[in-house]
Every structure is written in C-alpha cells, then in structure tokens.
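Overview (structure and organization)
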Amino acid sequence: MNLEERIADYKLDSPRVSRFSEERFLLFLEDVTAVFDGFKALDIEALGIGHNELRVIIGPNGAGKTTLCDVVSGKTRPTTGNVYFQGKDITHETETDIALMGIGRKFQTPAVFDSLTTYQNMELALPGHQRLWSNLYASVTAEENDRILEILERVGLADESDTEAKYLSHGQRQWLAISSLILSNPKLLLVDEPAAGLTDSETELTAELLLELKDDHTIIVIEHDMDFVRQLNSFVTVLNEGKIMAEGTMEEVQENEEVIEAYLGR
Ligand code: ADP
Ligand code: MG
C-alpha cells in the first residue's frame, strides 16, 4: 500500500470507529485527556499508530505535542482515558517499565555526555550499563561492541567513534542521541524535534536516517520544520489546542482551512 492508500484505509476504518485493534495498531490512545489545573492540554478521542509506521505530529506552540509524548512515555499520567501498547494497557505503568517494554524517547535537547567519546556514550546507553560508571571499559561484550559499531556505521558516525561528544556538530549529536536510543532496540521511538537547529544537509540526512529506521521500528516524530516534514513523506497528524485537528498527507493538511488558520492565528 502506498501512503495515500494507507491513509484512505485509516480514515475509512477510522480508529474513532474501530477503536482499539491490536492487529492494526502498535500504539493506541483512547479518550485520553491530560488536565493541568483545569486546563486541558490534551484531549484525544482516538489515535492509532500502525506497526512500522512513521507518523509525524505537527501543531502550533502549545498544541499538546510534548504532552502527548509525556503521556505515551509515562512521564505524565493521563487524567482520563487509556494508552495501549502492543495490546497491553500501559496507562498505569511507570516511566521505567514503559521504557523497558520498548518505548524509547529522544528529548528535544539530546542527552549526550560531552566529555565522553561517541563510543563511550554508546557504551553507557547499553541496556543495564547505566550503573557501570565506575568501570566503563570493563564490561562490553564482543556482541555489544559489534552492535555499537554497526549502529554508528549506519548513522555515519563510525569515523567519530573516538571523538569526544563536545566536538561533534549539532547534527551528529542528534544522531548520537538517536543511536543510543536504538541500542536497546525499542519498538516505538518518540523523537521530539530532531531537525531543530540543524543545517539543511544535516536535516536531509536526519530524514534519511528516520526513513531507514522505519524498517525496524515504529516512529513518532514531533516536528516544526515543514521542509523536514515534507522530506519524510509520511502520515501527518495535526494537533491544535490538545485535539486532533486534521490527518492526512502533508499536502492535504496544508490545504486544510482550519490548519492554515491555526498556524497563522499565532
Ligand atoms: P507543544 O509541545 O505542542 O508546544 P505542550 O504539550 O508543551 O505543547 O503544552 C501544551 C499546553 O499544556 C501548554 O499550554 C502548556 O503550558 C501546558 N502544559 C504542559 N505541561 C504542563 C504541566 N506539567 N503543567 C501545567 N501546564 C502544562
Ligand atoms: Mg513541545
């Protein structure tokens, strides 16, 4: 199925109608709200993300995009509603348990340790290695080493293996943060504004990387940069005032009057 067909299929058998279907969706939000001091930051009737889908979420500032990530990753408990992942209700699981289940998150500011090399940053991100600060060098198995090198190769950081992270470009830091996320092989990747502050060529490479990762992961990308979103050529969900305002291809949502107004209105 191409993108247009997939979106048509999604709309025809809309998640609002079909409700949760484990077969169709890796992640599903049902009647989810997040209320802060009486203010509804998030109000989603139904949102389904398919297996191995790359979904882009856009929306003006304050639309609730980060809150959506917080709710999925367990950082924020929804006020009402349920979040399902792989058919399991994860609404009341802790952030740590949700991460262990296979949801990885890259924050807007990448968590990279400046004084460690690219390789050391990867070592530290190996599952179960967070407590090994004291003997960082003692504990990488041949298998883990292979995996680190394979991922660094894939994101174009193999030559920077021994470079301290502080000398990496902004784009390379973003790729290192994404790389350390994939080390634990999450099924779902939440990527918050990966193109923020990148050069055009770095933005292009980031889009290529995400499209490549889609083969093995389901990915939700939160993004502001419209050129970047166009390069991803994926299903777009527009959030506004906590609600889903439109869904479709980038071309479709860009022509949507409500969307235009919401963007211009601020
Ligand atoms: P976006 O990422 O789309 O810019 P956010 O999800 O960060 O939007 O925020 C949506 C709204 O919810 C904003 O008005 C923000 O101030 C509010 N909000 C988010 N998190 C909290 C919180 N922990 N406490 C109070 N208000 C919050
Ligand atoms: Mg945000």
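This section reports on the structure supplied with the text.

Examining the sheet that holds strand β2 (residues 39-50)
Spatially, β2-β1-β4-β5 is the arrangement adopted by the four strands of the open sheet, whose pairing is antiparallel. The outermost strands of the open sheet, each flanked by one partner alone, are β2 and β5 (88-89). As defined by bridge partners, strand β1 (residues 25-36) adjoins strand β4 (residues 80-85) across five bridges and the pair is classed as antiparallel. Looking across to β4, one finds that L27 is bridged to F85. Along the sheet, helix α3 (residues 65-73) contacts β1, β2 and β4; its crossing angle with β1, the most-contacted strand, is approximately 115°.

A short note on the nonpolar core
Judged by nonpolar contacts, the single largest core of 40 residues is most densely connected at L210, L213, I219, L232 and V236. Top element by residues in this core is helix α7 (residues 170-183). It accounts for seven residues. Non-local contacts of V236, meaning those with residues more than four positions away in its chain, are made with V56, I58, V229, A246, E247, G248, T249, M250 and V253. Judged by nonpolar contacts, the second largest core, of 34 residues, contains Y10, L42, I103 and I220.

Points about the packing of α7 against helix α8 (residues 200-213)
In the contact formed by α7 and α8, the axes pass within 10 Å of each other and the chain directions differ by 15°. Between α7 and α8, the angle falls in the class roughly parallel. When the axes of α7 and α8 are compared, the crossing they make is right-handed. Residues H170, G171, Q172, W175, I178 and I182 of α7 touch α8, and the partners they reach there are E202, L205, T206, L209 and L213. Across the contact of α7 with α8, the residue classes break down as six nonpolar, four polar and one charged.

Focus on unusual backbone geometry
Look at D31: it is not a glycine, yet its phi comes out positive at around 50°. Assignment of secondary structure puts D31 in strand β1. Look at D31 and you get partly exposed, because its relative accessible area is 41%.

Description of the site of ligand 1
Taken together, the neighbourhood of ligand 1 is formed by F36, F39, A41, P60, N61, G62, A63, G64, K65, T66 and T67. A distance of 2.8 Å is found between an oxygen atom of ligand 1 and a backbone nitrogen or oxygen belonging to G62. In the model, an oxygen atom of ligand 1 is placed 2.8 Å from a nitrogen or oxygen of the K65 side chain. Relative to its unbound accessible area of 560 Å², ligand 1 is 58% covered by the protein chains. The greatest single-element share of the shell around ligand 1, amounting to three residues, is contributed by α3. The residue inventory of the shell around ligand 1, partitioned by class, reads five nonpolar, five polar and one charged.

The rules behind each value
Residues numbered from 1 in each chain as written. Chains lettered and ligands numbered in written order. Predicted model: local features only at pLDDT ≥ 70, side-chain atom pairs only at ≥ 80, totals over all residues. Heavy atoms only, no water. Pairing = 2+ DSSP bridges. Helix = DSSP H or I, 4+ residues; strand = E, 2+ residues; numbered from the N terminus. Contact = heavy atoms within 4.5 Å. Axes fitted to C-alpha atoms, helices over the stretch in contact; angles between N-to-C directions. Core = buried A, V, L, I, M, F, W, Y, C linked by side-chain atoms within 4.5 Å. Buried < 20%, exposed > 50% of the residue type's maximum accessible area, 1.4 Å probe, protein only. Parallel < 35°, antiparallel > 145°, perpendicular 65-115°, else oblique. Left-handed = near helix turned anticlockwise from the far one by under 90°. Nonpolar A, V, L, I, M, F, W, Y, C, P; charged D, E, K, R; others polar. Near = heavy atom within 4 Å. Polar contact = N/O pair within 3.5 Å; in protein donor to acceptor, adjacent residues only side chain to side chain. Areas by Shrake-Rupley, 256 points an atom, 1.4 Å probe, with all protein chains shown as cover.

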